[in-house]
Amino acid sequence: MDWRRFSFIGFIIVFLFTVVVLIGGSRVSPTIIISSMLTTTIAVATPLTLGALSGVFCERAGVVNIGIEGMMLAAAFFGWLAAIYMNTIFKFDPSISLWTGVLVAILTGGLFALLHAWLSITFKVDQIIGGTVINILAVGITGFLNRQMFFGEGSIFGGNVPHAPGLLPSLSKWLTPLCGGPQGCLGLPTLIQGTFLDQKPVAIAAIVLVFVAHYVLFNTRWGLRTRAVGEHPKAADTVGINVYRTRYINVVLGGMLAGLAGAYFTIESVPSFEPLMTNGRGFISLAAMIFGNWTPFGAWAAALVFGASQALQINLQFFRDAIPPNWAFLQHAYIVGLAPYVLTMLILTGIIGKTTPPAADGQPYEK
Amino acid sequence: MQTVDDRKSQSGWQQVLRSAFNAMLVPFLAIFTAVVVGGVIIALAGGNPWAAYLGLAQGAFGSARAWSETFVWATPYIFAGLAVALAFKGGLFNIGAEGQLAFGAVATAWVGYALPEILGIEIPGILHLPLAIGAGILAGAIWAAIPGALKAYAGGHEVINTIMMNYIALNITSYLLNGPMKDKNPLNVIARTPEIAEGARLPVIFEGLRVHWGFPLALLVALGVWYLLWKTTLGFEIRTVGANPDAAKYAGINFRRVIIVTMALSGLLAGMAGAVEVTGLNYRHELGFSIGYGFDAIAIALLGKTHPLGVVLASILFAGMRNGATRMQFLTQIPVDIISVIQSLILLFVAADAIIRYLYRIKAKEDRLVLTRGWRG
C-alpha cells in the first residue's frame, strides 16, 4: 500500500462527505452530518471489509475465491434461520438466539468454503468456475428453502415470515455503566461516540479483524507459510510445508470471514432475509481486495471508500428536498446508486497504480 | 484403451458417433446425479420426488402446448448461452449477459414503441422489426465491449467488470422504466415500457401457441456461431487467443482487438436474447424480467461444453425444467426454486467432472477444461 493509493482514497472519502455537507448543511449542522456519514460508512463497509479479508486469506494462499458473494448469502440465510429456530421453536432468549445465529452464519461460510477448497484444491477445478458454482448454489438453496419453509402451503412457519428476534445491540448498549451518564461515554466527543460506540458487534469485529489479519499474515509463521504457498507452492513444498493443508485451512478461514459478513445482513443490519439480498457486496469486496493490493489495511481502506459512496446515497435520500435544482440528478436513488459500481470499475483500470496478485493465485498445485 | 489403428478401421460416422458419445457422457451423468441428489433434497423437505419429477416432465414435454412453452423458454437461453460460450472460447468469462440482455431489451423496446411516435409515421414491419432487433443487439454489443476494452487496454478483469456492468445496467433500467420510459397508461403501476408497435413484433409460428419465430432464429444463430468459430479467420483468432494468448501474440494476432471483438460479439448475442424476448414474447420490457438469466446462461454454456450444439441441447433441458417447474409446484407444492438447486448441482458436477469420473469409474480421456486464467488473464 503506497501513499498514492491512500491519499487517493482519502481524497474520494473527503469529496463524498463534502457533497453531503454542502447539500445538507443548511438543514443540519455539519458535525452531525459528518458524524452520521462516518457511522453509516463504517457500518455499510462492514460486509465489504470482511469479504475483502476473506479474499485476502484465500488468495494469499493461492486460491481465487469469487464465491464470496454466495458464501455471504448462504450465511445470511442460515444464520437468520438458526436465530429464528432458537427463538421461536426452542424458546431461547433473543440474545442467545442471535449469537447462535452469528455462529451458524460463520459455520455456513466455512462449509461453503470447504466445498470451494475441495473443488479447487483436490479436484483442481477451474477456480473461477468453482466460485460461480458456489454463487449459483447459494442462490438456489436459499431461494428454495426460503420459499419452502415460509411461504408454501403446509410450510413449517405456515405463510408467516417470522422476524429474527431483534438485532445485535450496539456497543454503547454494552457499555451502559460507562455510557449511561449525562455526558455520554466517559465524556468522549460526540463524533467519536457516534462513529465507533454506536457500531454493532460485527462492525467492531471487522475492524479488529483487519488488525488481526495483518498481524497473522505478516508477523507469524503461519502467515509466512500462507504467503509462501501462494507465491511459490513448489518451493514451499520443498521446504516441507504442506501446500494442500495450508490452502484448505486458509480457504475455510476466509469462508468463515465471509460467513461473519453474512451475519451482518440478517442479524446486525435488518432482522429479515430477502432472496439475493447481498446484492453484489461479495464482488465489490473482491474489487476492494484487488485495489488494496491483497493487504488487509489496503482492503479495509478500499472498503471504506465503497462504504462512503453508499453512505452518500443513503444521506442524499434523507436530504432529498435540499438538493439544488441544477443538481437534480442527485435526487434519483438509482443514479446515485451507480457510484460504488462505477468506482469499482474505475479503480480496476489501474489508474491509481498497478496491483500485483500473489504469483500462484488461481493455479492448482500439482505435486 | 483405443489405439490409433482401431480408429482408422472405423468408418467416419462411427467416429463421429463415438466422439459425440464421449462428449455427452459426463454431462449426461452429471444431469442424472444432480436429479438424484435433487430428489433426495425434495424428500428431505417433505415432498415426493417421483410425483415432483413426473409433474416436471409433464409440464415440460407432456403436450404440444408444453413443448411450445419449453421452446419459448429456450429461445433466450440459447442466445444468452451462446453469448457466454463464445466468450469462453476467447478465454473470457462474461458474467454480464444479464446486463447486456437488459440493455438490449430496453433499446429494442424503445425503438419499438417510441420511434414511430418521434418520426410521426407508422414504420412498415419489414423495416421496423429489423430496426428494433438491431437496436437491441447493438446495445448489448456496446455494453459488453466496454469491459472488453477495459480488459484489453487497462487490464481490468472482465469478471468483476461485467458484474459491475450488471448492477449499473440494473440501476439505469430501473431509473428508465420508473421514469422517462414508464408506460404512461393510468392503470399501470409496474415499472415497464409501453407496448411496442404491431410492426415491430415477431410473429408466432402456430396459431394458438406462444412459440414464435425467435426459436428458429436462435437455432440459426447457433449454426452461425459454429460457422464463425470454426470456419472463419476471426473464429480461429478468437479460439487461439482463448487457448493461448502468448502464442496468439507471437503469431501476430492483434489480441487486444480480438478481446474487444469477442466481448462485443458475446454482448451482441446476449442483447439479441433481450431483443427477441421483447419482439417475440412480451412486446415490452418489464423490470425484473431479465434477472437470473446471467447465471443460467453460464450454467448452460458449461453444460453444453461451450459448443453451440451443446448449448442448444442444454438450453432446451433448462427451459424444460423451468417450464415444467410451474406444473410441478401446482401438483406437489414443491417450490419452483428447487430447479435452481438442481441446476447448480448439474453445474457443480459438470465443472468438477472429476467427481463424476470418480463416481462412475470413467477414465479421463481429454485434458481438463481450462476456461479462465486468474486475475492476470
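Computed from a predicted model, the values in this text were never measured in an experiment.

**A look at the overall build of chain B**
Then, number 1: Within chain B, the secondary structure is distributed over 15 helices and zero strands.
Then, number 2: Relative to a compact globule of 377 residues, whose C-alpha radius of gyration would be 21 Å, chain B shows 22 Å and is just as compact.
Then, number 3: Per-residue burial for chain B yields a buried fraction of 55% across its 377 residues.
Then, number 4: Pairs at least 24 residues apart make up 75% of the contacts formed inside chain B by residues separated by at least 6 positions.
Then, number 5: Carbon and sulfur atoms provide 66% of the accessible area of chain B, an area that totals close to 16,500 Å².
Then, number 6: Between the centroid of the 27 positive side chains of chain B and the centroid of its 20 negative side chains there is a distance of 9 Å.

**Topic: empty space enclosed by the protein**
Residue and element names in this part refer to chain A.
Then, number 1: For the structure shown, the criterion picks out one cavity of 30 Å³ or more.
Then, number 2: Here the largest cavity is characterised by a volume of approximately 40 Å³.
Then, number 3: Lining the largest cavity are Ile-42, Ala-45, Thr-46, Thr-49, Ala-203, Ala-206, Ile-207, Trp-300 and Leu-304.
Then, number 4: For the lining of the largest cavity, the secondary structure elements donating two or more residues are α2 (30-60), α9 (201-219) and α14 (296-318).
Then, number 5: Tallying contributions element by element places α2 first for the lining of the largest cavity, with four residues.
Then, number 6: Considered class by class, the residues forming the lining of the largest cavity number seven nonpolar, two polar and no charged.

**Looking at the confidence of the model for chain B**
Residue and element names in this part refer to chain B.
Then, number 1: Chain-level statistics for chain B give a pLDDT mean of 88 and a share of 94% at 70 or above.
Then, number 2: The secondary structure element of chain B with the lowest average pLDDT is helix α1 (residues 4-9), at 50, and the one with the highest is helix α8 (residues 214-231), at 97.
Then, number 3: Per-residue pLDDT stays below 50 along residues 1-5; that stretch engages in four contacts with residues further than four places along the chain or on separate chains.
Then, number 4: Prediction confidence for the complex, expressed as pTM and ipTM, is 0.87 and 0.82 respectively.

**Digging into the packing of aromatic side chains**
The relation between two aromatic rings is expressed through the spacing of the ring centres and the mutual angle of the planes.
Residue and element names in this part refer to chain B.
Then, number 1: For the coordinates displayed, the defined rule picks out 20 aromatic pairs over all chains.
Then, number 2: Summarising the aromatic geometry, the rings of Phe-88 and Phe-93 are spaced 5.0 Å apart at their centres and angled 25° between planes, so their arrangement reads as stacked. Take Phe-88 and Phe-93: they sit in the same class, and that class is buried.
Then, number 3: Taking the centre distance of 4.1 Å and the plane angle of 15° together, the rings of Phe-103 and Trp-143 count as stacked. Residue Phe-103 is located in helix α5 (residues 97-119), and its partner Trp-143 is located in helix α6 (residues 125-154); the two are separated by 40 residues in the primary sequence.

Basis of the calculations
- Residues numbered from 1 in each chain as written.
- Chains lettered and ligands numbered in written order.
- Predicted model: local features only at pLDDT ≥ 70, side-chain atom pairs only at ≥ 80, totals over all residues.
- Heavy atoms only, no water.
- Helix = DSSP H or I, 4+ residues; strand = E, 2+ residues; numbered from the N terminus.
- Rg over C-alpha atoms; globule rule 2.2 N^0.38 Å.
- Buried < 20%, exposed > 50% of the residue type's maximum accessible area, 1.4 Å probe, protein only.
- Contact = heavy atoms within 4.5 Å.
- Areas by Shrake-Rupley, 256 points an atom, 1.4 Å probe, with all protein chains shown as cover.
- Lys, Arg positive; Asp, Glu negative; His and termini not counted.
- Charge placed at Lys NZ, Arg CZ, Asp CG, Glu CD.
- 1 Å grid on protein atoms, 1.4 Å probe; cavity = no way out; pocket = protein on both sides within 12 Å on 5 of 7 lines; lining within 4 Å.
- Points joined across faces, edges and corners; volume = space filled by probe spheres on them.
- Nonpolar A, V, L, I, M, F, W, Y, C, P; charged D, E, K, R; others polar.
- pLDDT = per-residue confidence, 0-100.
- Phe/Tyr/Trp six-rings, centres within 6.5 Å; stacked < 30°, edge-to-face > 60°.

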